[in-house]
Each structure stands twice: as C-alpha cells, then as structure tokens.
Amino acid sequence: MLKKLEALKVHYAIRIGWVVVRVVLAFWMAQTGLQFYYQGF
Amino acid sequence: MGSLGVNDVAQANFWLFNAFAVLLLALAVKPSHHKTVFALVNLSLIHMLINWQGCVLVASMCAALHYSCRTRNAKLRYLWIFLSGVLLFSTFLVHKLPVVPSLFSESIKPMFYAIGASYIFLRGVEYLRAGSDNEIDGLTLVETINYLIPFHMLAAGPVMAYSDYKRTLNVRISLTKEDALIAFELIASGLFRKFVLANGVIQSVFLTGFQSDGWYFFLEVQMYYLFIYLDFSAYTNIALGIGKLVGVHTPINFNRPLSARNIVVFWERWHISLSQFIRRNIFIPIQLTGLRWSGGSRPSLVASGALLVSFLLCGLWHSLSWQFVIWGCMHAFAIMICITYRSALVSKLGRKQASEFSNHPVISLLATIMTFEFVASSLAFLAIPVSQMWK
C-alpha cells in the first residue's frame with residue numbers, strides 16, 4: 001500500500017498541499033488583521 | 001529583538017520584493033552575475049526600507065570596512081580598522097538610543113536605523129575582527145556587501161560567521177526539486193508560525209501586556225515565551241527557505257530550544273548564530289586575556305568573569321536598558337550555577353552515575369520544566385512594564 005502511494009507521489013501532493021494551506025492561511029490572517037481577540041477569562 | 005524594519009515584514013511590498021529577488025537570482029546562473037545581482041538586491045532592500053541616502057551610506061560603510069581590512073601595511077590596516085570600528089560602533093550607539101539626537105535632520109535620521117542596525121553591526125564586528133587577523137584577502141567589494149547586508153538575513157538574523165561565509169562563498173548550490181520543496185516548506189512554516197500561530201492565536205488570544213494577575217499572569221508568562229519563540233524562529237525559517245532558493249548558504253538559528261534540559265543546552269539551541277558570535281568574539285578573547293593576566297591560575301573565576309561580561313554585552317546589544325543588564329546577569333549566573341551543579345554532581349556520584357541520574361526520565365522532565373520556566377520568566381521580566389513590577 002505504502003509503495004503504491006509512493007508511486008503515485010501522494011506524499012509530494014500532501015507536502016505541497018500543506019505548503020499552500022499554510023501560506024494561504026498566513027496571508028489571510030495578515031491581510032484581514034487578527035482574527036481572534038482576547039475575551040477575558 | 002534587535003532588528004531592522006521588522007514591522008515591514010508584515011507588508012505586501014516586502015514579499016513582492018522577496019519574490020522578485022528570488023526570481024532575479026534564479027535567472028543569474030553565472031557565479032559572478034549571481035554575486036553582483038545579490039549585492040544589488042541587498043542594496044535595493046536598504047533603499048526600500050529606508051531611503052536612497054541610507055542606501056548610499058550603507059554602501060559607503062561597506063566600502064570603508066572593505067578597504068580598511070585590505071590595506072597591505074599592517075600598522076596602517078590596524079589604524080583604519082580601528083577608525084572603521086569607531087564609526088561602526090558610534091552609528092550602532094545612535095541606532096540604539098531611544099531618540100536620534102536632534103542635530104540630525106529628519107531626512108538623515110532614518111540612515112541611523114539602517115547603518116547601525118543590530119545585525120549589520122554584528123557582521124561588521126566579525127568582518128573587522130577577520131580583517132585584523134588578515135583573513136579578508138581576496139574578497140571583492142561585492143562579496144563584502146553580500147556578507148554585511150544579505151537581504152534575507154536583515155530582519156532578524158541569523159548572524160553568519162565570516163569563516164563560514166568565506167568557506168561557502170564559491171560553493172555552488174544546485175537547487176534540486178526536493179531542495180525547492182524543502183525551501184517552500186520552510187517559508188510556509190515561517191509564515192504560518194508568524195502570522196497564524198504567533199500573531200493570530202497567541203498574541204491576540206493570550207497576551208494582554210501583562211495587565212492581568214493571578215493564574216492568568218502565570219499563563220501569560222508561558223504564552224509570551226511561546227510567542228517570542230514562534231515569532232523569532234519564523235523569521236529564521238523564512239531566511240533559511242529564501243537562502244536555499246537563491247543558493248546562498250544560511251546558518252540555522254534554532255534547534256528545539258523549548259525542550260532544552262538546562263540553560264547551557266538552551267543557549268546551544270536558541271539564537272545559535274548569536275551565541276556562537278558571542279563565544280567567538282567576546283567570551284573566548286576575554287577568557288584568554290584573563291588567563292594570560294592571571295598566569296593560568298583561577299580558570300573558573302576567569303571563565304565566570306568572561307561569561308558575565310559576555311551576557312551583559314549581549315543584553316546591551318538587544319537594548320540599552322537596565323532591564324536587559326539584569327536579564328544578562330540572570331542568564332550568566334544561571335549558567336554558572338548549572339556548571340557548578342554539574343561538576344558537583346560528577347565529583348559526588350562519578351561521571352557514569354551522574355549521567356544516569358541526569359538521564360532519568362523524571363529528573364530530565366523536571367530539568368526541562370525548570371529551564372523552560374526560567375527562560376519564560378526572564379523574557380517576561382523584559383516585557384513587563386516597570387510600573388507593573390512593583391504592584
């Protein structure tokens with residue numbers, strides 16, 4: 001199974017996907033300002 | 001942390017600049033073209049962050065350092081290096097002062113933030129030391145500029161050792177697909193740490209500027225340490241990623257410091273390039289001079305003195321304030337206590353049993369927690385407003 005996944009280059013797709021998710025999230029957070037605010041505990 | 005225009009990192013212009021720089025450097029395949037384009041990109045960033053006068057002044061400073069260190073006559077070289085050092089240190093001091101003296105006009109003031117920027121200063125010191133040891137020979141002005149103001153290491157380091165720079169200067173780094181992916185992963189990890197984890201979650205959810213008290217204050221101390229680590233290591237990851245993409249050797253700066261088992265290990269893993277800079281340029285020279293003066297007697301006392309001076313200067317490099325002086329003393333004494341404890345343990349139990357005792361999971365966990373809490377407290381001490389301390 002692992003060999004099949006490797007042949008399909010799934011691990012590359014996962015790594016590239018995770019890069020894209022992180023970059024998009026980071027730019028979204030930077031662009032829209034801070035999304036969460038301290039509400040007090 | 002001492003930095004040049006760190007707030008600019010959050011702006012779109014900065015990222016457009018980086019993307020453009022990576023593209024340009026990728027196109028400059030021939031080594032000599034690559035070096036020239038890199039130098040132009042470095043100066044362009046100074047121009048973008050400050051102004052053209054700042055750019056000219058930084059280039060002039062690079063040229064002054066370069067030609068001082070290349071003077072063939074040894075006596076004259078020492079004189080030029082001394083004068084360049086005085087100039088570098090003066091601009092660093094002006095940069096560190098809370099207010100630039102009013103005798104400078106408004107258009108000139110930003111120059112001091114550029115030329116005296118903390119990391120340029122450190123590289124300048126390293127460069128002058130190499131020059132005084134006559135190690136600069138063979139370096140061109142373009143290569144000096146590339147050492148002193150590399151665009152991807154300007155915001156928050158790392159501080160590259162001159163010997164590392166010289167060693168890797170002509171080593172051609174070919175970018176494979178795997179390397180490119182690793183580079184993008186590093187950049188993505190840096191962006192994620194900075195904007196999502198540090199600013200987006202920790203800063204906005206947990207940090208109140210230490211206005212709270214009780215258990216929330218304790219929580220905030222921990223969160224502040226996490227924030228500083230994520231924020232700072234984010235810059236390093238981005239610098240490492242860009243360095244990989246543009247084929248410029250960039251040293252690592254962090255190696256899991258949060259899990260350090262004692263303060264000595266912590267300083268081997270936190271801001272590694274600065275720790276090594278301090279060891280090379282402050283600690284070892286003071287220790288050697290002290291040993292020479294004392295004729296080799298009292299080596300522990302000499303090492304303790306060298307450690308204290310090193311951390312005091314490290315604190316003052318961050319900021320000219322009493323809080324940073326105390327912070328430096330705290331870390332120096334913590335290292336002294338750690339080394340004394342370790343040698344006492346070895347002399348009491350023997351090397352093998354002392355090692356077994358230290359590696360016991362419970363002791364190891366307790367030591368890690370103690371180190372974490374000590375570093376977190378020392379960082380919080382820097383951030384808590386003085387008025388808040390006496391409440």
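Preceding this paragraph is the structure being described.
What comes next concerns the included structure. Note that the coordinates shown come from a computational prediction; the quantities given were computed from them, not determined experimentally.

Here is what the cut-offs are and how they apply
- Residues numbered from 1 in each chain as written.
- Chains lettered and ligands numbered in written order.
- Predicted model: local features only at pLDDT ≥ 70, side-chain atom pairs only at ≥ 80, totals over all residues.
- Heavy atoms only, no water.
- Helix = DSSP H or I, 4+ residues; strand = E, 2+ residues; numbered from the N terminus.
- Buried < 20%, exposed > 50% of the residue type's maximum accessible area, 1.4 Å probe, protein only.
- Areas by Shrake-Rupley, 256 points an atom, 1.4 Å probe, with all protein chains shown as cover.
- Rg over C-alpha atoms; globule rule 2.2 N^0.38 Å.
- Core = buried A, V, L, I, M, F, W, Y, C linked by side-chain atoms within 4.5 Å.
- Phe/Tyr/Trp six-rings, centres within 6.5 Å; stacked < 30°, edge-to-face > 60°.
- Expected span 1.5 Å × (residues − 1).
- Contact = heavy atoms within 4.5 Å.
- Buried area = accessible area lost by both parts, 1.4 Å probe.
- Salt bridge = Lys/Arg side-chain N within 4 Å of Asp/Glu carboxyl O.
- Nonpolar A, V, L, I, M, F, W, Y, C, P; charged D, E, K, R; others polar.
- Polar contact = N/O pair within 3.5 Å; in protein donor to acceptor, adjacent residues only side chain to side chain.

**Digging into the overall build of chain A**
Looking only at helices and strands, chain A has two helices and zero strands in total. Looking at chain A as a whole, 10% of its 41 residues qualify as buried. For chain A, the exposed surface amounts to about 3500 Å²; the carbon and sulfur share of it is 70%.

**Considering the overall build of chain B**
A count of helices and strands for chain B gives 17 helices and zero strands. Over its C-alpha trace chain B gives a radius of gyration of 22 Å, about what one expects of a compact globule, namely 21 Å for 391 residues. Looking at chain B as a whole, 52% of its 391 residues qualify as buried. Looking at chain B as shown, the accessible area adds up to about 18900 Å², and 68% of this sits on carbon and sulfur atoms.

**What about the nonpolar core?**
In terms of nonpolar packing, the biggest core is built from 112 residues, with Y127, F151, I263 and W270 of chain B touching the most fellow members. A total of 15 residues in this core trace back to one element, the largest contributor, which is helix α10 (residues 215-246) of chain B.

**Side note on the packing of aromatic side chains**
All names here are of chain B. Counted under the stated rule, the structure contains 25 aromatic pairs over all chains. When the ring of W267 is compared with that of F311, the centres are 5.3 Å apart and the planes differ by 70°; the resulting orientation is edge-to-face. Of the two residues, W267 is situated in helix α11 (residues 263-269) and F311 in helix α13 (residues 299-318); the sequence distance between them amounts to 44 residues. Here F311 falls in the buried class, since its relative accessible area comes to 9%. Ring pairs connect the aromatic residues Y225, Y229, F232, F254, F266, W267, W270, F311, F324, W327 and F372, which therefore count as one cluster.

**A short note on the environment of L181 of chain B**
With respect to the helices, strands and loops of the structure, L181 of chain B is situated in helix α9 (residues 177-206). Residues L181 of chain B and L245 of chain B, 64 residues apart in the sequence, show an inter-C-alpha distance of 9.5 Å.

**What to know about helix α2 (residues 31-49) of chain B**
The terminal C-alpha atoms of α2 of chain B lie 27 Å apart, and with 19 residues this matches the ideal 27 Å at 1.5 Å per residue to within 8%. When we look at burial in α2 of chain B, the residues that qualify are H34, K35, V37, F38, A39, V41, N42, L43, L45, I46 and L49 of chain B.

**Details of the environment of V221 of chain B**
Residues and elements named next belong to chain B. Residue position: V221 is located in helix α10. Here V221 falls in the buried class, since its relative accessible area comes to 9%. Separated by 140 residues in the primary sequence, V221 and I81 have C-alpha atoms spaced 44 Å apart. With near-sequence residues (within four places) excluded, V221 lies in contact with F210, A376, S377 and A380.

**A look at the interface of chain A and chain B**
In this complex, chain A contributes 17 residues to the contact, which on the side of chain B involves 22 residues. Interface area for chain A against chain B, summed over the two sides, is near 1800 Å², with a carbon-plus-sulfur share of 76%. Remark: the boundary between chain A and chain B carries two salt bridges. For E178 of chain B, the salt bridge goes to R15 of chain A, with nearest N and O atoms at 3.1 Å. Here the residues of the side of chain A that touches chain B are counted per class, giving 15 nonpolar, no polar and two charged.

**A few points about the pattern of salt bridges**
Residues and elements named next belong to chain B. Across all of its chains, the model carries eight salt bridges over all chains by this definition. A salt bridge links D133 to R129, with the nearest nitrogen and oxygen atoms 3.5 Å apart. Taken together, the shared-partner salt bridges connect E126, R129, D133 and R280 into one network.

**Details of the side chain of Q323 of chain B**
Residues and elements named next belong to chain B. Looking at where Q323 falls in the secondary structure, it is placed in helix α14 (residues 322-349). Taking the relative accessible area as the measure of exposure, Q323 reaches 19% and is therefore buried. Among the polar contacts listed, one links the side chain of Q323 to the backbone oxygen of F381, at a separation of 2.9 Å.

**Re the side chain of S84 of chain B**
Tracing the backbone shows S84 of chain B in helix α4 (residues 74-96). Excluding residues that lie within four positions of it along the chain, S84 of chain B makes contacts with A64, L65, S68 and L128 of chain B.

**Re the environment of F184 of chain B**
Within the fold, F184 of chain B resides in helix α9. You can call F184 of chain B partly exposed: its relative accessible area is 43%. Placed 58 residues apart in sequence, F184 of chain B and I242 of chain B show a C-alpha to C-alpha distance of 8.2 Å. With near-sequence residues (within four places) excluded, F184 of chain B lies in contact with V19 of chain A together with L245 of chain B.

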